[in-house]
Amino acid sequence: MRKETRILMLGGAKRVSLARLLKAAGERIGTKVSIFSSEIIETVPIVVEGKVLKGRKWRDADIYEHFDEVIAKEKIDIVLPFVDGAIEVCSRLKERHPEVFIPVSDFDTAHQMFDKCEAAELFEKVGIAIPKTLSMESDEFPKIFKPREGSASKGIKVIENAEEQRLVSNPENYLIQEYIADREEYTVDCYVSMMSGKPLCTVPRLRISTSGGEVDRTETRRIPELISMSQQVLKAIGFQGPVTLQFIHDLKNGGYKLMEINPRLGGGVVCSIHAGADIAEMILRESMGEEAKEMNEWRDHALMVRYFSEVMF
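So, a few notes on the structure that sits alongside this text. (Residues numbered from 1 in each chain as written. Predicted model: local features only at pLDDT ≥ 70, side-chain atom pairs only at ≥ 80, totals over all residues. Heavy atoms only, no water.)

Thoughts on the packing of helix H2 (residues 63-74) against helix H3 (residues 84-96)
Helix-helix packing: each pair is described by the crossing angle between the helix axes and the interaxial distance.
Argument step 1. Their axes nearest at 11 Å, the elements H2 and H3 cross at an angle of 60°. In terms of axis orientation, H2 runs oblique to H3. The handedness of the crossing between H2 and H3 comes out as right-handed. Here Ile63, Tyr64, Glu65, Phe67 and Asp68 of H2 come into contact with H3, specifically with Glu88, Val89, Arg92, Leu93 and Arg96.
Argument step 2. Within the contact of H2 with H3, the residues separate by chemical class into five nonpolar, no polar and five charged. (Axes fitted to C-alpha atoms, helices over the stretch in contact; angles between N-to-C directions. Helix = DSSP H or I, 4+ residues; strand = E, 2+ residues; numbered from the N terminus. Parallel < 35°, antiparallel > 145°, perpendicular 65-115°, else oblique. Left-handed = near helix turned anticlockwise from the far one by under 90°. Contact = heavy atoms within 4.5 Å. Nonpolar A, V, L, I, M, F, W, Y, C, P; charged D, E, K, R; others polar.)

Here is the structure:
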């Protein structure tokens, strides 16, 4: 057992609650967790739980050499991505630093998730239900236009008719799908063992409300169909480490449909951890070479609500 575990967050600016849960998990298993976070702006909330390091943009030419130096200087044991741009960086760092525990999928798997058109084709290929894909020529409305490389719901357009559609420029830059108005949205927090490849938890959460793209009210729901679909996706595509799946529940026609996958920890994962699926502990244990146990006895209908808190500089 390591006396200290030093964790580098990439883009962990607002993940104060998760940093605290990682520290609490460390106390339970006998290791002191120290948090570092690489950020472009140094005045970010995570500073209340760790040390903020002046970082780089994810596409900077010297990004890998920079993190080589950080990992060596700060004696980093674990690296975790918290924004989409950091995932592929982590995949490459995993290749460069086998001595560091970096629980992410391989580069090619992660890369496919950031082109929504490619991802949708893959989901259909492995037999997972998704919203119907439409074309510009289709006369079925309403349609939803999702930027191929977008995230956090930015740039999404709901198009009601052909006249509105004519105003869309560069339609090739969008994934076009049927728009399901009467719906519920679910997130499924998952962890796939880096050692065995086995899903250790799959926890569906109803997204009740969001603020600025982040869930601020969410509740765990034990839905066997969603759990089964999630495990099918994880195994079929071969993910590793923390994975966040987004589903839509069609209330009019029934059934669940996969919208997208983020191969990293989601912002609302703290709800699943508090409910009993302790992904923070899984990460720490596997970083020390101990295969984590499955955690399927999490609490159903565990409700999490969030509020704003301030950090003054």
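The discussion continues.
Here's the deal with the packing of helix H1 (residues 16-29) against helix H9 (residues 279-287)
Argument step 1. In contact at an axis separation of 9 Å, H1 and H9 are set at 55° when each is read in the N-to-C sense. Regarding the angle of H1 to H9, the classification is oblique. Classified by chirality, the crossing of H9 by H1 is right-handed. Here Leu21, Leu22, Ala25, Gly26, Arg28 and Ile29 of H1 come into contact with H9, specifically with Ala280, Glu281, Leu284 and Arg285.
Argument step 2. The class makeup of the residues in the contact of H1 with H9 is six nonpolar, one polar and three charged.

So, the pattern of salt bridges
One side chain can pair with another of opposite charge once the charged atoms of both are near each other.
Argument step 1. Applying the stated rule across the entire model yields 24 salt bridges.
Argument step 2. For Asp278, the salt bridge is made with Arg28, and the minimal N-O distance between the two is 2.2 Å. Taken together, the positions of Asp278 in the loop between helix H8 (269-275) and H9 and Arg28 in helix H1 put the pair 250 residues apart, joining distant regions of the chain.
Argument step 3. Across the pair Asp62 and Arg56 runs a salt bridge whose closest N-O atoms are separated by 3.1 Å.
Argument step 4. In this structure, a network of salt bridges that share partners links the residues Arg28, Asp278, Glu281, Arg285 and Glu290. (Salt bridge = Lys/Arg side-chain N within 4 Å of Asp/Glu carboxyl O.)

Details of the sheet that holds strand E7 (residues 174-178)
Argument step 1. Read across the open sheet, the three strands follow the order E6-E5-E7; overall the sheet is antiparallel. If you trace the sheet from one side to the other, it starts and ends with strand E6 (157-159) and E7, each paired once. The mean angle between the axes of side-by-side strands here comes to 25°, regardless of whether they run parallel or antiparallel.
Argument step 2. Relative to E7, strand E5 (residues 143-147) is paired through five bridges, and the arrangement is antiparallel. Note that in E7 the partner of Lys143 across the bridge is Glu178.
Argument step 3. Packing against the sheet, helix H5 (residues 116-125) makes contact with E5 and E7, and its axis sits at approximately 45° to E7. (Pairing = 2+ DSSP bridges.)

Focus on the environment of Glu4
Argument step 1. Tracing the sequence through the fold places Glu4 in strand E1 (residues 4-10).
Argument step 2. On the basis of relative accessible area, Glu4 is assigned to the partly exposed category, the value being 30%.
Argument step 3. Taking C-alpha positions, Glu4 is 7.2 Å from Ser34, a pair spaced 30 residues apart along the chain.
Argument step 4. Ignoring any residue separated from it by four or fewer positions in sequence, one finds Glu4 in contact with Thr31, Lys32, Ser34 and Asp77.
Argument step 5. Among the polar contacts made by the side chain of Glu4, one reaches the side chain of Arg6 at a distance of 3.1 Å. (Buried < 20%, exposed > 50% of the residue type's maximum accessible area, 1.4 Å probe, protein only. Polar contact = N/O pair within 3.5 Å; in protein donor to acceptor, adjacent residues only side chain to side chain.)

What to know about the nonpolar core
Argument step 1. Within the largest apolar cluster, 42 residues are counted, with the highest numbers of intra-cluster contacts made by Leu18, Leu22, Tyr191 and Ile279.
Argument step 2. Listed by contribution, the elements that provide at least two residues to this core are E1, H1, strand E2 (32-39), strand E4 (78-81), strand E9 (199-211), H8 and H9.
Argument step 3. Among the elements that make up this core, the one with the highest residue count is H1 (seven residues).
Argument step 4. Setting aside its immediate chain neighbours within four residues, Leu22 contacts Ile7, Met9, Val33, Ile35, Leu80, Ala280 and Leu284.
Argument step 5. Core analysis: the second largest hydrophobic core is formed by 27 residues, Leu122, Phe123, Ile130 and Ile237 among them. (Core = buried A, V, L, I, M, F, W, Y, C linked by side-chain atoms within 4.5 Å.)

Brief notes about unusual backbone geometry
Argument step 1. Along the chain, Phe141 connects to Pro142 via a cis peptide bond; the corresponding omega equals 0°.
Argument step 2. Structurally, the position occupied by Pro142 is in the loop between H5 and E5.
Argument step 3. If you check the backbone angles, Asn170 has positive phi at about 50° while not being a glycine.
Argument step 4. Checked against the element boundaries, Asn170 lands in the loop between helix H6 (162-165) and E7.

Concerning the pairing of strand E11 (residues 241-250)
Moving residue by residue along a regular strand, the side chains alternate between the two faces of the sheet.
Argument step 1. Counted residue by residue, E11 has 10 buried out of 10 residues, so it is predominantly covered.
Argument step 2. Bridge count between strand E8 (residues 183-192) and E11: 10 bridges; the pairing is antiparallel. Looking across to E11, one finds that Thr187 is bridged to Gln246.
Argument step 3. Inspection of the sheet shows E11 paired to strand E12 (residues 256-262) by six bridges, in the antiparallel sense. Bridge pairing in E12 places His249 opposite Tyr256.

Considerations on the side chain of Arg15
Argument step 1. By secondary structure assignment, the location of Arg15 is in the loop between E1 and H1.
Argument step 2. The class of Arg15 is buried, set by a relative accessible area of 12%.
Argument step 3. Not counting chain neighbours up to four residues away, the residues in contact with Arg15 comprise Met9, Ile46, Phe82, Glu214 and Gly267.

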